[in-house]
Amino acid sequence: MKVLFVLTSHDELGNTGKKTGFWVEEFAAPYYSFKDEGFDIVVATPKGGQAPIDPKSEDPDAQTPATERYYKDEEVQNIIANTHRLSDQKAADFDAVFYPGGHGPLWDLAYDKDSQQLILDFYNTEKPVGAVCHAPGVFKDIKLGNGDPFVKGKNVTGFSNTEEEAVQLTDVVPFLVEDELKKSGGHYSKTDDWGVHVIQDGLLITGQNPASSEVAAEKLIALLKKIK
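Here the structure is a predicted model, which means the values were calculated and not measured.

## A few points about the nonpolar core
Ranked by internal contacts, the top residues of the largest apolar core, which has 34 residues, are Leu4, Tyr99, Ile119, Phe122, Phe139 and Phe150. Of all the elements in the fold, those that place two or more residues in this core are β1 (2-6), β2 (40-45), β4 (96-99), α4 (113-124), β5 (129-132) and α6 (177-183). If you tally residues by element for this core, the top one is α4, at four residues. The contacts of Phe139, once residues within four sequence positions are left out, are Ile119, Val129, Ala131, Phe150, Val151, Leu204 and Thr206. Listed in part, the 32 residues of the second largest apolar core include Ala28, Ala51, Val132 and Ile221.

The following block contains the structure:
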């Protein structure tokens, strides 16, 4: 089976002069979960080429066994340096799509028409869609064929307002993931800050924060095995 990972191309943290990108752990833990199960994995970004890494995700306290494996893995470093272009990807070529977070997606993928259409194409052909931490923000402007927001009536989670406050970026990000999911009619739930919380609603799997990324991937793998 084949899974598409979609990462951000955005590397500017608002007007702070600091850098952002994707969160290493939220890519690494799911990546190795799929890889170790024998999945083929393609990684794409809006611009293609090097996917920017959020420097904060390289801090010592953000490291896990999966990130340590990632830093020693030349093959995956090469994949991240040479991502495919998102506009070239088709849902028909994959069994599922997964969006790791980091703050970057709030600036590019949340407004990316190719990403929005791709998610609809996966969902409408009964293929699972997964997103973790800030990545559920990419559902923000997606509308179903009947005009309803993509997450309306669905049980979802994502980076909470209190977690955004804790990292002191509430006034920097273009929108708050929790607020946006609620505004779109999603049934949002969360656990304590930094706790593991993953919600599955049919084909849609969302995780609250970096700690939830591996469980989100495991749920997606289990779902794929079930429907295959």
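## A short note on the packing of aromatic side chains
The full count for this structure, using the stated rule, is 14 aromatic pairs. Aromatic rings pair up to connect Phe5, Phe22, Phe27, Tyr31, Tyr32, Phe34, Phe39, Tyr70, Tyr71 and Phe98 into one cluster. For Lys140, the ring lying beneath its charged end belongs to Phe175, and the centroid distance is 5.3 Å. The ring of Phe150 carries Lys154 above its face, with NZ or CZ at 4.8 Å from the centroid.

## A closer look at the side chain of Ser115
Checked against the element boundaries, Ser115 lands in helix α4. On the basis of relative accessibility, which here comes to 0%, the residue Ser115 falls in the buried class. One polar contact links Ser115 to Tyr99, side chain to side chain, over a distance of 2.7 Å. Among residues more than four places away in sequence, those in contact with Ser115 are Leu86, Tyr99 and Leu109.

## Side note on the environment of Glu126
Checked against the element boundaries, Glu126 lands in the loop between α4 and β5. The exposed category is assigned to Glu126, whose relative accessible area is 61%. Linking Glu126 and Ile227, residues 101 residues apart in sequence, is a C-alpha distance of 9.5 Å. With residues up to four places along the chain from it excluded, the contact list for Glu126 reads Leu203 and Ile227.

## Overview of the sheet that holds strand β9 (residues 204-207)
Strands sit in the order β3-β2-β1-β4-β5-β9-β8 across an open sheet of seven strands; the sheet is mixed. Both edges of this open sheet fall to β3 (84-85) and β8 (198-201), since each of them pairs with a single strand only. The sheet contact formed by β2 and β3 spans two bridges and is parallel. Looking across to β3, one finds that Thr45 is bridged to Arg85.

## A short note on helix α7 (residues 213-227)
Here α7 spans 21 Å end to end across 15 residues, near enough to the 21 Å set by a 1.5 Å rise per residue. Burial in α7 covers these residues: Ser213, Ala216, Ala217, Leu220, Ile221, Leu223 and Leu224. Projected down its long axis, α7 carries its buried residues within an arc of 160°, all on one side.

## A short note on the pattern of salt bridges
Pairs can form between side chains of opposite charge once their charged atoms are near each other. Applying the stated criterion across every chain, the model contains 11 salt bridges. Notably, a salt bridge pairs Lys19 with Glu12, separated by 2.7 Å at the nearest N-O pair. On the basis of relative accessibility, which here comes to 33%, the residue Glu12 falls in the partly exposed class. A single network of salt bridges, built from pairs that share partners, joins Asp11, Glu12 and Lys19.

## Things to note about the packing of helix α1 (residues 24-36) against α7
Helix-helix packing is described using two parameters, namely the angle between the two axes and the distance between the axes. Two elements in contact, α1 and α7, have axes whose closest approach is 8 Å; the angle formed by their N-to-C orientations is 30°. Accordingly, the angle class assigned to the pair α1 and α7 is roughly parallel. At the point where α1 passes α7, the crossing takes the right-handed sense. Residues Glu25, Glu26, Ala29, Pro30, Ser33 and Phe34 of α1 lie in contact with α7, whose contacting residues are Ser213, Glu214, Ala217, Leu220, Ile221 and Leu224. Taken together, the residues of the contact of α1 with α7 sort by class into seven nonpolar, two polar and three charged.

Conventions adopted
- For every chain, the first residue of the written sequence is number 1, and numbering continues from 1 along that sequence.
- This being a predicted model, a pLDDT of at least 70 is required before a residue's local features are given, and a value of 80 or more before pairs of side-chain atoms are given or counted; all residues contribute to the totals for chains, interfaces and linings.
- Note that water and hydrogens are dropped before the side-chain values are worked out from all heavy atoms of the structure.
- Definition used in this section: a nonpolar core is a set of buried Ala, Val, Leu, Ile, Met, Phe, Trp, Tyr and Cys residues joined via side-chain atoms within 4.5 Å.
- Note on exposure labels: buried denotes an accessible area under 20% of the residue type's maximum, exposed denotes more than 50%, and partly exposed covers the range between, all computed with a 1.4 Å probe on protein chains only.
- Counting from the N terminus, the helices are the DSSP runs of H or I reaching at least four residues and the strands are the DSSP runs of E reaching at least two.
- We call two residues contacting when some pair of their heavy atoms lies within 4.5 Å.
- Working definition: rings of Phe, Tyr and Trp (its six-membered ring) pair if their centres are within 6.5 Å, and the pair is stacked with planes under 30 degrees apart, edge-to-face with planes over 60 apart, and tilted otherwise.
- Two conditions define a charge located above a ring, namely a distance within 6 Å from the ring centre to NZ of Lys or CZ of Arg, and an angle within 35 degrees of the ring normal.
- Under this definition, polar contacts are N or O atom pairs within 3.5 Å; protein pairs additionally need one hydrogen-donor-capable and one acceptor-capable atom, and for neighbouring residues in sequence, both atoms have to be side-chain atoms.
- Paired strands, in this sense, are two strands between which DSSP finds at least two bridges.
- The length a helix should cover is 1.5 Å for every residue beyond the first.
- To obtain the arc, one takes the directions from the helix axis to the C-beta atoms.
- Should a side-chain nitrogen of Lys or Arg be within 4 Å of a carboxyl oxygen of Asp or Glu, the pair is scored as a salt bridge.
- Lines are fitted to the C-alpha atoms to define the axes, a helix being fitted only along its stretch in contact, and any angle between axes, read from their N-to-C directions, falls within 0 to 180 degrees.
- Put simply, angles under 35 degrees are roughly parallel, angles over 145 are roughly antiparallel, angles from 65 to 115 are roughly perpendicular, and the rest are oblique.
- Two helices that cross are described as forming a left-handed crossing if the nearer one is turned anticlockwise from the farther one by less than a right angle, and a right-handed crossing if clockwise.
- Gly counts as polar in this scheme, as do all residues outside two lists: the nonpolar Ala, Val, Leu, Ile, Met, Phe, Trp, Tyr, Cys and Pro, and the charged Asp, Glu, Lys and Arg.

Function-wise, these values are silent; they only describe arrangement.
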